[in-house]
Amino acid sequence: MTPVVYLARIADGAPPEEQAAALENVLKAGGFLERLQRLDMVAVKVHVGEKHNVTHVHPEVVARAVSLAREAGGQPFLTETATLYRGERENAVKHALHAHAHGFGIEATGAPFISADGLSGTDEAEVRINGELHRSVKIAGQILLADALVVISHPTGHMGSGLGAAIKNVGMGLASRAGKMRQHSSITPEVEPEKCENCGKCRQLCPVDAIDEREGVSYIRRQDCIGCGECIAVCRYGAVKFDYAIESPVLQKSMAEHAAGALAHFGAKTVFINVLVNMTRECDCLNKRQKKAFADVGILACDDIVAADQATLDISAREHCNDLAHQSFPKLDPAIQIRHAEKIGLGSRRYRLVEV
Ligand code: SF4
Ligand code: SF4
């Protein structure tokens, strides 16, 4: 059956309470939470934004999803996993404190923040999948104990995968540390020595100290790099380069296959909510304040992860002449992750759009 994507539009710059009302409209229109059973453990997957990020999904929007899941009889909790890189989200203790600092505390959202991969990102389970790259993937252990999954994603451009939306939020965001490492293993930037001015910024900011100074320029040790892309973002001289053409397709396919592992046991008890508000060219993992690059559209929801992300690209293309991903990183093809997710059975790129 063709999946239905429900879209509630909002005006550009609409305040959080209007965004929350839009979320309620799409969830109710699709009847998604009617599938919950009493006392189901409902994992609400969020991204609270790195330290200086201010364009992440607003906590009030998340709070509305929590309250609706509770009304439907579930026991909702907010969840996320540890990042590979150093920062405010590198382990469960820092992550919970940082979530609170960004407004995702229990008193604001009505739900506790519980890291799905344990104290340091190593609580994991190997899930068998029918992928092309992987036969099994490493997924955050606690997510496999939840009964239902509400995925709240903030679509942005992404320097490795073109698009960061629901597939990335689930594939990367619900993988354990080892699962993330495996996805990033094909991505290693290099410094072009003739362009490097030896300012040292990349060495200061590399979260895993993978950059040395050698003969008056920076040098990246491939074996230690986790592919986070911070050095590319920080270099003002354009001296750090990814070979996007080779590496992005593998990353995108691996993300889709990890999403398959994370979703395998939920059946129909999933909903993917993409918040097309405060969309930026780069993702919420970057430790910097970003300017909104696209006018707000609204909030969409679907029980098909492929349809949700395809609709996000289509809607952003219609509203802004070119889609969110191509405007952000024109050399990358974000459709790779969506096509691959469809190919391995995660959903359908064909959908019916219903505005509510
Ligand atoms: S930030 Fe760029 S210019 Fe500065 S040391 Fe690193 S590679 Fe060289
Ligand atoms: S991508 Fe750059 S900043 Fe990130 S780990 Fe690799 S070398 Fe360090």
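In the block above lies the structure referred to throughout.
The text that follows walks through the structure, step by step, so that each part is easy to find. Not measured: the values here are computed from a predicted model.

Conventions we followed
- Residues numbered from 1 in each chain as written.
- Chains lettered and ligands numbered in written order.
- Predicted model: local features only at pLDDT ≥ 70, side-chain atom pairs only at ≥ 80, totals over all residues.
- Helix = DSSP H or I, 4+ residues; strand = E, 2+ residues; numbered from the N terminus.
- Rg over C-alpha atoms; globule rule 2.2 N^0.38 Å.
- Buried ≥ 20, exposed ≤ 12 C-beta atoms within 10 Å, placed from the backbone.
- Contact = placed C-beta atoms within 7 Å.
- Pairing = 2+ DSSP bridges.
- Axes fitted to C-alpha atoms, helices over the stretch in contact; angles between N-to-C directions.
- Right-handed = clockwise from strand over helix to strand, strands pointing away.
- Core = buried A, V, L, I, M, F, W, Y, C linked by C-beta atoms within 7 Å.
- Near = placed C-beta within 6 Å.
- Nonpolar A, V, L, I, M, F, W, Y, C, P; charged D, E, K, R; others polar.
- Left-handed = near helix turned anticlockwise from the far one by under 90°.
- Expected span 1.5 Å × (residues − 1).
- Arc of directions from axis to C-beta.

Here we take up the overall build of the protein chain. The number of helices and strands found in the protein chain is twelve helices and 16 strands. In terms of overall dimensions, the protein chain is globule-like: its C-alpha atoms have a radius of gyration of 19 Å, near the 21 Å expected for 356 residues. Based on the C-alpha atoms only, the size of the protein chain along its principal axes is roughly 65 × 45 × 40 Å. Buried positions account for 56% of the 356 residues belonging to the protein chain. Intrachain contacts of the protein chain at a sequence separation of at least 6 include 78% that bridge at least 24 residues.

Further remarks concern the sheet that holds strand β14 (residues 270-276). Taken in spatial order, the eight strands line up as β4-β3-β2-β7-β14-β15-β1-β16 in an open sheet, and their pairing is mixed. Bordering the open sheet on either side are β4 (113-115) and β16 (352-355), each of which pairs with just one other strand. For this sheet, the mean inter-axis angle between neighbouring strands, taken without regard to orientation, is 25 degrees. Taken together, the three bridges between strand β3 (residues 75-80) and β4 define a ladder with parallel strand orientation. Across the sheet, residue T79 finds its bridge partner in β4, namely I114. Where helix α2 (residues 59-71) meets the sheet, it contacts β2 (41-45), β3, β7 (148-153) and β14, and its direction lies at approximately 165 degrees from that of β2. The strands touched by helix α10 (residues 305-320) are β1 (4-9), β14, β15 (298-302) and β16; relative to β14, the strand with the most contacts, the crossing angle is about 15 degrees.

For β2, the buried fraction is high: four of the five residues fall into the buried class. Sheet topology note: the β2/β3 ladder contains five bridges and is parallel. Note on β3: the bridge partner recorded for V42 is P76. Crossover connection from β2 via α2 to parallel β3: handedness right-handed. Of the strand pairs in this sheet, β2 and β7 are connected by four bridges, and their pairing is parallel. Bridge assignment links V44 to a residue of β7, and that residue is V150.

Tracing the chain through its elements places C285 in the loop between β14 and β15. Of the residues examined, C285 has 23 C-beta atoms within 10 Å and is grouped as buried. Distance in space between the C-alpha atoms of C285 and R222 is 21 Å, their sequence separation being 63 residues. Not counting residues up to four positions away in its chain, the partners in contact with C285 are E50 and T83.

One finds V44, V62, V150, A259, I273, L300 and A301 to be the most contacted residues of the largest nonpolar core, which totals 93 residues. Once residues lying within four places of it in the same chain are set aside, the contact partners of V62 are V44, V46, V57, L78, F104, T109 and I152. Listed in part, the nine residues of the second largest apolar core include C206, A210, I211 and A239.

A few words on unusual backbone geometry. Residues other than glycine seldom take positive phi values, yet L39 does so here, at roughly 70 degrees. You will see that D209, though not glycine, has its phi angle at about 50 degrees, which is positive. Here D209 shows up in the loop between α7 (201-205) and β11 (211-214).

What follows deals with the site of ligand 2. By nearness alone, 13 residues border ligand 2, and C206, C225, C228, E230 and C231 come closest of all. Tallied by class, residues from the shell around ligand 2 come to ten nonpolar, two polar and one charged.

This brings us to the packing of helix α1 (residues 16-30) against α2. Their axes nearest at 8 Å, the elements α1 and α2 cross at an angle of 35 degrees. Remark: the crossing between α1 and α2 carries right-handed chirality. Here α1 contributes P16, E17, Q19, A20, L23, E24 and L27 to the contact with α2, which in turn contributes E60, V61, R64, A65 and L68. Split by residue class, the contact of α1 with α2 holds seven nonpolar, one polar and four charged.

What follows concerns α1. Here α1 is 15 residues long and its end C-alpha atoms lie 21 Å apart, about the 21 Å a rise of 1.5 Å per residue gives. Among all positions in α1, only Q19, A20, A22, L23, V26, L27 and G30 are buried. Viewed end-on, α1 has its buried residues packed into an arc of 155 degrees, placing them on one side of the element.

I336, Q337, I338, H340 and A341 are the residues of helix α12 (residues 335-343) that are buried. Remark: G345 follows α12 within two positions and exhibits a positive phi of approximately 90 degrees.

This part is about the environment of K331. With respect to the secondary-structure elements, K331 resides in the loop between α11 (324-328) and α12. With 10 C-beta atoms packed within 10 Å, K331 lands in the exposed category. Counting along the chain gives 83 residues from K331 to S248, while the straight-line C-alpha distance between them is 10.0 Å.

Scope: geometric values only; no functional claims are made or implied.
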